[in-house]
Structure formats: structure tokens, C-alpha cells
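Residue-level listing of the chains:
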2 protein chains.
Amino acid sequence: MAPQPSTAVDRKSDELIGITVSKTENFPQWYQEVVIKAEMVEYYGEVAGLFVLRPMTMFIWSEMRKWFQKHLDEMGIGEASFPLFLSSKSLAKEQDHIEGFAPELAWVTKAGEKNLDVPVAIRPTSEAIMYPYYSKWIRSHRDLPLRLNQWNSVVRWETKQTTPFLRTREFLWQEGHTAHLTEEEAGKEVLEILELYAKIYEDLLAVPVVRGRKTENERFAGGYYTMTLEGYIPSNGRGIQGATSHCLGQNFSKMFDIAVQDPAGEGHVHVWQNSWAFSTRVIGVMVMIHGDDKGLVLPPRVAKIQVVIVPVGISKKTTAEEKDQLLDQADEIRATLKKDAHLRVDVDAREGYTPAWKFNDWELKGVPLRLEFGPKDAMKGVVSYTQRYNNEKGTIPITEITTTVPKMLEEIQKGMYSRADATFKEHRRVVTAWDDVMGALDNKDLVLIPFCLDGKCEDQIKELTTKVEEEQGAPSMGMKSLCIPFEQPSALEEGTKCLNPECEKLAKQWTMFGRSY
Amino acid sequence: MAPQPSTAVDRKSDELIGITVSKTENFPQWYQEVVIKAEMVEYYGEVAGLFVLRPMTMFIWSEMRKWFQKHLDEMGIGEASFPLFLSSKSLAKEQDHIEGFAPELAWVTKAGEKNLDVPVAIRPTSEAIMYPYYSKWIRSHRDLPLRLNQWNSVVRWETKQTTPFLRTREFLWQEGHTAHLTEEEAGKEVLEILELYAKIYEDLLAVPVVRGRKTENERFAGGYYTMTLEGYIPSNGRGIQGATSHCLGQNFSKMFDIAVQDPAGEGHVHVWQNSWAFSTRVIGVMVMIHGDDKGLVLPPRVAKIQVVIVPVGISKKTTAEEKDQLLDQADEIRATLKKDAHLRVDVDAREGYTPAWKFNDWELKGVPLRLEFGPKDAMKGVVSYTQRYNNEKGTIPITEITTTVPKMLEEIQKGMYSRADATFKEHRRVVTAWDDVMGALDNKDLVLIPFCLDGKCEDQIKELTTKVEEEQGAPSMGMKSLCIPFEQPSALEEGTKCLNPECEKLAKQWTMFGRSY
């Protein structure tokens, strides 16, 4: 195949750089176009369900990683790196846990031309790889707590349709695995970590989340209880699991013989374990929530380029000298913002593209703040700005840029969060009559309902909400429980029944249900 | 299997914590004991040739990673993450390159219970995974340079004996892959990166290296030329490759159709590519060079714990109050060093262990500086210190610790480098008579010899130096070329012959040969 070199002119005419569908009309296609055209990912042609993560994405991941690692360091949680492979031997130890993963395990059966004596699976998660060593290393209560985290990728050979970030056959994550002497200590850490995850969403990605506990049906297989962050995608009204922090109880420590002599009594006690993880999925959630018909919208704190300066007002009448002077000034602004305000700034001095083309390009890529600088601005000693997320425009005196621009980025960060938070709040509806449930779902709401917490009742609720839709000829997803929010809308009145009309039991807690990813 | 909890007392009697062989007597076993007993790695029982990297190791890796990443950021090299798998299809494109890796490829042939239609290999390196996208993304010379780096792990199913860090079936590394318009630009980057790698060795790990160019026989398969850092292991007199920076020339860009329209002329030009990598192997080199019969010796800049404070002089006569006061003071010293000097400091207040036991334990783990603090020190207002690498002892006034301790750590860092550098220099021998070669090798020297640079001659030199040993009844490794050092010992006199007695050609450059890893 001959290469296809192109010039700037080719590019302008050949490539349709904008998003071709609206977010409202065709959300799945909109999403796919955004993540590709904003240069976040490429579909990996070689193997289905895998994606190339490009610098725009890796910058975001790396900012989250640095932030989280700093907190892990402060908490005294060590970094480790366990191997990529596990053998069928250790898998056999933890049937409950691994049953869910078995259909998705990728098996290495050959090295070079030779068949392996014992095939090995690529980790879908690392409990079975790590815990035999916890058993070895934890010999006394003095070795507790043992707290390790690793950053790696895991492989789950999905058979369902894959989607960039949200469901992929390989993804990046961190997985923390800790062991404690008591349930209380373990429980404290579960919440500490959940709060760090919440801050990643809220403070870095400007994404609102609801903190809560998973119901028995939805908790991690083999664990004790699961705390979760639940996000919300306005475009389709679905809930999406954001990150989870699990207390595994003593289930795994019994399977893997992780025990110490009881410092407070006789005999030995099995340790209390936690595991917690967040993955590149969070980036997909962020894209879905903030993006618009022009493309990606990035919160300033994780944007690789926070500010782009586009020189404007250059025409055929502009002399070469005037043009050079303008570009020099633009570059001075860039240098000042970088040096004095520590911002990530680019000047788009590309030849052969119109300012309008450049505006579209940077809007597509989600750069939070655009500064335009032309001869008129230069004369007035200002730069003109456009905020990406709300299209707000204005001017800033050049003398004030090092204070105004960082402040504006902070406001954008907060503004993005507030806007998303308001939307999420609007669509979290307290529902106390079963007949209102379907309407709420169709209104793209998540619902908070009085719920008995029983697993079979939960299954039934899913069925009931699926069926109703099908009868109307529009088969649609039933709702499932997302979490029991820590922040309950109110105290349940005594005697409140579970909302499921076919359930006789009393409600125990307000529980958030919804259609979901 | 019942768990085997142990108390502190059990531990003292049951576990032999020290290294049981001397570095001189049995170097391979010494190395194995050090990396395990200093808690750097665990052998992974499930699958041979794989190792668990523990926090002590990951701290070192993470410090190197942060340092290198900072420089990549400054150079404008983006971070990416390409998938773990490649298919046989793309492998077929680059026969030369992949031939060397083929016997070591791990093949995934099954997902769950189903056989894959097309088996996929786990990356041994990512050229074949990445370059199809370089072809797609590089459409014009404006897209150049394209410079990406990724941090990941690669799998090479070694059939030879594996050794922690040095040869393992999975290892962590970074791989940089860049594309440039001209050979000159590519060449400049190759050297820039090599210099960064050299700084990692010299400034972080206190390990001396020789910068040079690989001979044709030893360069990267499929590449154009390879620059390298070569280290030296005094215990066995072997050279060890430290890190490599390759110019791939246009070989891969021709295979993968990565080309642009020539901005300076007619037609199109294939881009010039580089690839460069360093891996967890560097940690093994550091252990081998600095370690001693007591165990690991860590350079302060990469030590997870830089200073350990051990309370001493507590006897049966010490009252509880006196003891508490001493521990409080020790902790104050820790806090001061952390807060004011930003050092990584621990107090070893473990009950039930003697100071002597603790000294051994921290020496085994390589902590660069030990501070002892007892009632006598307290009375004099000093702390007693022992430097790990040279056993130097003395006292420091407590009022001066925040200036003296960081200064001392800097001196330790430099002292470790100087000592290792002196040893390496002693064992780099300029040899101008063939008859001196074997003696030098047996003296654990690397040799610098006049060499014709011919590949066949190089093969012959290896054979000749292997044979001689065998005749003497002690079969030993032949020498191979390590690099053509940038810093030549002298200008070769005109007419100097290649040192190989069976070679007729003239020498072209001084070349460093040696037995090697």
C-alpha cells in the first residue's frame, strides 16, 4: 500500500473534523466520534475490543494517578507489582470469586512453538495471585496492617459489545489489597478510599457521584460488603458505577489461610481484608457527562492543554513584519502564563488554516479556554476569551492575565461541576408510588425508593420494570439497584412498605434504582 | 493447611535473617538471598520465571520513573498506552525484527472455554503494535516529530535460567518510539535519551556506566544503529548491558508505510525512527554492584527508607518513664528530619528485638544511614550514626541534624558512586597484545582492544576466547563486544592491526569486549 501524504490543504478539504451527529439524537455514535476525533483513543484493528489510549487520555490518567498515589503514600500504602499470570491451581482455591470471571479468562497455552505443560490465565483481577503471598508475609499481628497497591492492566475477554473506556477487553486500573487485624480498621479504610475516589470524580473530573453501599445482589462476588460511587449519564438516564471499595471480610483469608495469633486472646484470627479499584472507565464517564455537540469538554485540572492561544485578524493586508510581531506577542503571553501561572498553554501558529477551522479543532478537543489575539486586541492591550463549556466570551487586560486566567480556569472547573451536579440532582427522584416508577425511568430519572433489601425482591423489581415496557411494544432495560445512598433522603417512616407491589415486606432503606450500564 | 502464626520470639529463633554466603564465595546464591531477604522480590511459585516486586523495589522503580517522566514531559514526549496483544498478521510484516522474539512469544489461544479464531501473542516489545498507527497518524511533515512513550510490562517466555531483575519472563519497562523527518533529528534524540539513562544510573543508582555504540553484531535486530550503556559487575568481571537507545533508520517506516511528502523536494520520504527502553533490570545491576556480605546497600536517592533511628541503651534498669521519654525524643528527631529536611525516616520501636538484631535487619535491607539514640546520646545532645556502605561511625549534635544528615546522605550517594567508579576503571584494561587478553579476563577485567569492527571477526574472537579456557579444563564464557566507547582511550595509531591474531584487517576503533550477561 502506498502512503498517502497530505498537505494542510488536503486535510482541510478531505477530513470532516467535527462531530456529525448530535448528542441528543444518537448518543452512542456521538460518543464514539468524540473519543476518536478528539484523539483520545483509536480502535485497535488487530484484535477486537482493544483500544489505543492516546496522550490526551494518558494525561488525564496520569494526573489522576499522581493525585491518588500521593494520598496512598501519605496513608503508608506500599506499591507492588505482581505477575500478569495465574495458574489453574490457585484459581481452584476461590470458586465463588472466580466463577464470575471464568468465561472471560484469556488463556496462554503456548510459548513459541511449544505447548505449556500447565496453561496460565492472564489476570482479570489479582486476588488469587496476591493472597498466597499475604499468607506467607503475615506471620504475626505485628505484620498488620499489610497494605499494597498496584497499577497495571487487566484482561477480561468480554463477549458483549465493547465501548471505549466503559467496556474493553484490557483496561488500566489500580487495585489495592489490604489486610487488617479487625473489622473496624478494615471498615475505616474502605470509606477513606471511597472518599478519595469521590474526590477524583468531583475535584479532578468535575463529575458528581452518589456515595453508597451496594445491595447483596450487586456486591463483589466473594466479598463481605461493597461501597460504591454511582454516576449518572443524562443523555440516556442511566446510572453508571464509578469506583468500588470492597470489604472482603474474612472470606478470602479463610480460603488462603491468612491468619495470626490473636494478640488479645487465645487461638488465631483470620485477617480482615479489603480490595478497591478504579479504572480508565472514569474517563468515559467524564466524556459522556461534559461533552457536547461540538465535541469533548475537558475540566481544566485534567486538560493536557488548558489554554490555547489562536492568533486572529491576519489578512492579506497584514505585512510580514506585523504578523511576526503578533505571533511574538502571542508567544510572550504563552510564556508568561506558563512561567508565572504554571498553566499548560499552547499557541496555534499553524499555517494554512483559518482561525475558524482552528476554533473548531480546539473545541472538538475540549480545551477549556481559548484566547484569541489579533491586531485589534493588541491595540487595546487585551486578549479575547471563549470558555469552552458555556461559550462565555469577553476580554482580559494583558496586564492581568496571570491572575485572571488561573482564576477563570478554577471557575470553569467549578462551573462544570455545578452544572453536572444540578442535572444529576434533578434526575434523582424520590418515588413513593410504584405507578410513578416507569414514568420516572422514561423521564431519564434514577429513583430513590423504599426497599426491603431482599435479593429476590430486587430481581423481581428488575423483571417488573422490564416487562411493563415490553407490553407497550418498546422493550427496554429493567431497573436495578445502584446503591443504598449514605445520604438518605429522609428517615423512613415506621411501617413503610417496600415499594415493589408484589413484596409484602417492610422497607429497610431508601435505595437508588435505575437503568444502568 | 493450618496457618502458622509466629510471635516475635518465634521469629528471632526461627528465621535466619542474615545472608548465609559471602558475595565473593558464591555470588549467584548471594544475589538470590539478598533480593529475597531484603524483601525486594518473591519467587512466584505459580509460574516459573516470574517474580513479585515488593514495595522496596517498586519505590526504586517509581523514583526512576518520576525522574525520567519529568524529562520526557520537558522534551514534549507524549504518554500512550497500546494494547497488550498483537496478532500474527502484523507480526508477519517485520520478519527480521520478530525472528529473534518468535521462540519467546506467549500465545493466547483460548478465552473462557472457547478457542480464539486467531491466536494473539502478548507483546515482547511494541513495534508491531504501534507502527501501524504511526502510519495512520503521520499524514504530513507537520505531524512530525511524533514522539510517544509508554510504561508497561512485556513478556518474553525465556527458556534459559531466569534471575530476578536480570532475566525474567515478564518485566516492567518504558518503551519510547519516535518518528522524525531527518536522520539528524533522530540521531540527536538517540543521544539525548542515552544521556538521561546514564544520569539514572549515575545520579540515582550511583552506578558507573560506559556510553558507546553497539557493533553490527550486537545492535537491535531490524534497526540501524544502537547506542548503549554498559555496566560492570566486579564479582564475576562481567559486563552488563544497562539500557539502549536505538535509531531504527527507515527500516520500519518502509515496512509499515510511514511516509510524508518531502517538504524540501519532490516525492515522499519515509520517516526516521527511534526506539529506546530501560527496564527493571537496572535494579538488579544496582544490587550486584553495591551489595555486600551483610546484604543490600541502597543509594540514598532511591532508598524507601533513607534513615532509620534505632533506640538503644534500654535495659532492665530503665524505668517505663525513661523509656517513653527516649522513644518520644527519637520520634521527635524523625519528625524533624521529615519536616525540615524532607527525608524518609523511620523509627524502629519494635518490642522484643535487641538493638543488635535491628541493626542486622536494617543492614540487610540496605538503609543508607542508621542513627542510634540512647540515654547517653540524649545526655550529650547527640545521635550516633553508622553509614551503611562504608561502616563509618560518629556522632551528630541534635541541633545540627537537619543540615548534617541531608549533607551526609549526599556524601554517601557520591561516595558509593566514586567507589564503584574506581573499581570499574581499574577493571577496564587497554590491551594491545592478544596474549594478554585471557589473563585480563581471568583477572575479571573488561578489555579495550583495537578492533576491525567486522562481524565475522567478532564471532571468531568469541570462539577463540572460549576455546582457550576449555583447553585448560575450565570451560568458560568467551568474550563478546560490549560497545565502541564514545570516549576512546586514545587515537588509534595509523596502521594498527585488529587484535584478533587470525584477522588480517586494520583496526578501526577501540572496542570494549568482555564476558557478559
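Residues numbered from 1 in each chain as written. Chains lettered and ligands numbered in written order. Predicted model: local features only at pLDDT ≥ 70, side-chain atom pairs only at ≥ 80, totals over all residues. Heavy atoms only, no water.

1. Quick notes on the relation of the copies chain B and chain A
Inference 1: Rotating chain B by 180° about the axis while translating it 0.0 Å along that axis superimposes it on chain A, leaving an RMSD of 0.0 Å. The relationship between the two copies is best expressed as a two-fold rotation axis. Taking C-alpha positions as reference, the residue of chain B nearest the rotation axis is Val108 of chain B, located at 2.1 Å.
Inference 2: An overlap of 99% is found between the interface residues of chain B and their copies at the interface of chain A, pointing to a shared contact surface. (Least-squares fit on C-alpha atoms with pLDDT ≥ 70 in both. Contact = heavy atoms within 4.5 Å.)

2. A word on the pairing of strand S14 (residues 272–279) of chain A
Residue and element names in this part refer to chain A.
Inference 1: In terms of burial, S14 is largely enclosed, as eight of its eight residues are buried.
Inference 2: In S14, alternate side chains face the same way, and those of Trp272, Asn274, Trp276 and Phe278 on one face and Gln273, Ser275, Ala277 and Ser279 on the other are all buried.
Inference 3: By the bridge criterion, eight bridges tie strand S8 (residues 170–180) to S14 in an arrangement that is antiparallel. Opposite Ala179, over in S14, you have Gln273 as the bridge partner. (Buried < 20%, exposed > 50% of the residue type's maximum accessible area, 1.4 Å probe, protein only. Helix = DSSP H or I, 4+ residues; strand = E, 2+ residues; numbered from the N terminus. Pairing = 2+ DSSP bridges.)

3. Some points on the sheet that holds strand S4 (residues 85–87) of chain A
Inference 1: Read from one edge to the other, the open sheet built from six strands follows the order S4(A)-S6(A)-S5(A)-S5(B)-S6(B)-S4(B), with strand pairing classed as antiparallel. Sheet topology places S4 of chain A together with strand S4 (85–87) of chain B at the edges, where each strand pairs with a single neighbour. Across the sheet, the mean angle separating the axes of adjacent strands is 45° when strand polarity is ignored.
Inference 2: In terms of strand pairing, strand S5 (residues 106–111) of chain B meets strand S6 (residues 114–122) of chain B through four bridges, oriented antiparallel. Following the sheet pairing, Trp107 of chain B is matched in S6 of chain B by Ala121 of chain B. (Axes fitted to C-alpha atoms, helices over the stretch in contact; angles between N-to-C directions.)

4. Comments concerning the interface of chain B and chain A
Inference 1: Across the contact, 69 residues belong to chain B and 68 residues belong to chain A.
Inference 2: Of the roughly 6100 Å² buried between chain B and chain A on both sides combined, carbon and sulfur atoms contribute 55%.
Inference 3: Across the contact surface, chain B and chain A share 23 residue pairs in polar contact (both at pLDDT 80 or more).
Inference 4: With six residues, S5 of chain B is the largest single contributor of residues to the side of chain B that touches chain A. (Buried area = accessible area lost by both parts, 1.4 Å probe. Polar contact = N/O pair within 3.5 Å; in protein donor to acceptor, adjacent residues only side chain to side chain.)

5. Focus: a negative patch on the surface
Inference 1: A cluster of acidic residues, Glu321, Glu322, Asp324, Asp328 and Glu332 of chain A, forms a negative patch at the surface.
Inference 2: According to the relative accessible area criterion, Asp324 of chain A is partly exposed, its value standing at 46%. (Patch = residues over 30% accessible without salt bridge, like charges linked within 9 Å, V, L, I, M, F, W, Y side chains within 5 Å. Areas by Shrake-Rupley, 256 points an atom, 1.4 Å probe, with all protein chains shown as cover. Salt bridge = Lys/Arg side-chain N within 4 Å of Asp/Glu carboxyl O. Lys, Arg positive; Asp, Glu negative; His and termini not counted. Charge placed at Lys NZ, Arg CZ, Asp CG, Glu CD.)

6. With respect to the packing of aromatic side chains
Inference 1: By the definition in use, this model includes 50 aromatic pairs over all chains.
Inference 2: Both rings, one in Phe451 of chain B and one in Phe513 of chain B, keep their centres 5.1 Å apart while their planes meet at 90°; by these two values the pair is edge-to-face. Of this pair, Phe451 of chain B sits in strand S21 (residues 446–451) while Phe513 of chain B sits in strand S23 (residues 509–514), and the two are 62 residues apart along the sequence. Summarising the burial analysis for this pair, Phe451 of chain B and Phe513 of chain B share the class buried.
Inference 3: Each member of the aromatic cluster is reached from another via a ring pair, and the members are Tyr44 of chain A together with Phe82, Tyr131, Tyr133, Tyr134, Trp137, Phe252 and Phe256 of chain B.
Inference 4: It is Lys365 of chain A that lies over the ring of Trp362 of chain A; its NZ or CZ is 5.4 Å from the centre.
Inference 5: In this arrangement the basic side chain of Arg428 of chain A is found over the ring face of Phe424 of chain A, its NZ or CZ atom lying 4.4 Å from the centre. (Phe/Tyr/Trp six-rings, centres within 6.5 Å; stacked < 30°, edge-to-face > 60°. Lys NZ or Arg CZ within 6 Å of the ring centre and 35° of its normal.)

7. A few points about the packing of helix H2 (residues 27–37) of chain A against helix H9 (residues 281–290) of chain A
All names here are of chain A.
Inference 1: Contact pair H2 / H9: the axes reach a minimum separation of 11 Å and the direction vectors enclose 115°. In this view, H2 runs roughly perpendicular relative to H9, as classed from their interaxial angle. In the crossing of H2 with H9, the sense of the turn from one axis to the other is right-handed. Here Phe27, Trp30, Tyr31, Val34 and Val35 of H2 lie close against H9, whose contacting residues are Gly284, Val287 and Met288.
Inference 2: Residues belonging to the contact of H2 with H9 are distributed by class as follows: seven nonpolar, one polar and no charged. (Parallel < 35°, antiparallel > 145°, perpendicular 65-115°, else oblique. Left-handed = near helix turned anticlockwise from the far one by under 90°. Nonpolar A, V, L, I, M, F, W, Y, C, P; charged D, E, K, R; others polar.)

8. Points about the packing of helix H3 (residues 55–75) of chain A against H9 of chain A
All names here are of chain A.
Inference 1: At a minimum axis distance of 10 Å, the contact between H3 and H9 shows a crossing angle of 115°. Taken together, the axes of H3 and H9 are roughly perpendicular relative to one another. H9 is crossed by H3, and the crossing has right-handed handedness. Between H3, through Thr57, Ile60, Trp61 and Met64, and H9, the contact on the second element is made entirely by Val282, Ile283 and Met286.
Inference 2: Of the residues belonging to the contact of H3 with H9, the class tally is six nonpolar, one polar and no charged.

9. Comments concerning the pattern of salt bridges
Inference 1: Summed over the entire model, instances satisfying the criterion amount to 56 salt bridges over all chains.
Inference 2: One salt bridge in this structure joins Glu195 of chain A and Arg211 of chain A, with 2.9 Å as the shortest N-O distance. Of this pair, Glu195 of chain A sits in helix H7 (residues 183–204) while Arg211 of chain A is found in strand S9 (residues 210–213), placing the two residues 16 residues apart along the sequence.
Inference 3: With a relative accessible area of 31%, Glu195 of chain A lands in the partly exposed category.
Inference 4: Between Asp361 of chain B and Arg350 of chain B there is a salt bridge, and its shortest N-O distance comes to 2.8 Å. With Asp361 of chain B in helix H11 (residues 355–364) and Arg350 of chain B in the loop between strand S16 (345–347) and H11, the pair connects residues that are 11 residues apart, well separated along the chain.
Inference 5: Judged by relative accessible area, Asp361 of chain B falls into the buried class, the value being 4%.
Inference 6: The exposure class of Arg350 of chain B is partly exposed, given its relative accessible area of 29%.
Inference 7: Through salt bridges that share partners, Asp348, Arg350, Lys358, Asp361 and Lys365 of chain A make up one connected network.

10. A word on the side chain of Arg123 of chain A
Inference 1: Structurally, the position occupied by Arg123 of chain A is in the loop between strand S6 (114–122) and helix H6 (127–137).
Inference 2: Lacking a salt bridge, the buried Arg123 of chain A has Glu170 of chain B as its closest oppositely charged neighbour, with an N-O distance of 4.7 Å.
Inference 3: Setting aside chain neighbours within four positions, we find Arg123 of chain A in contact with Phe82, Pro83, Leu84, Leu86, Ile129, Asn152, Ser153, Val154, Val155 and Glu175 of chain A.

11. Comments concerning unusual backbone geometry
Residue and element names in this part refer to chain A.
Inference 1: Note that the residue after Leu144, namely Pro145, is joined by a cis bond; omega there is -10°.
Inference 2: Relative to the helices and strands, Pro145 is located in the loop between H6 and strand S7 (146–155).
Inference 3: One non-glycine residue, Phe165, adopts positive backbone phi at about 70°.
Inference 4: Note on Phe165: relative accessible area 5%, which makes it buried.
Inference 5: A positive phi angle, near 55°, is found at His342, a position not held by glycine.

12. Side note on the confidence of the model for chain A
Residue and element names in this part refer to chain A.
Inference 1: When the pLDDT values of chain A are averaged, the result is 93; 94% of them are 70 or greater.
Inference 2: Scored below 50 in pLDDT, residues 1–14 shows 25 contacts in the model against residues more than four places distant or in partner chains.
Inference 3: Scoring of the predicted complex yields 0.94 for pTM and 0.94 for ipTM. (pLDDT = per-residue confidence, 0-100.)

13. A word on the sheet that holds strand S17 (residues 369–373) of chain B
Residue and element names in this part refer to chain B.
Inference 1: Strands sit in the order S16-S15-S17-S18-S19 across an open sheet of five strands; the sheet is mixed. Looking along the sheet, the strands with just one partner apiece sit at the ends: S16 and strand S19 (393–397). When the angles between neighbouring strand axes are averaged without regard to direction, this sheet yields 25°.
Inference 2: Note that strand S15 (residues 307–311) and S17 share five bridges and pair parallel. Bridge assignment links Ile309 to a residue of S17, and that residue is Leu371.

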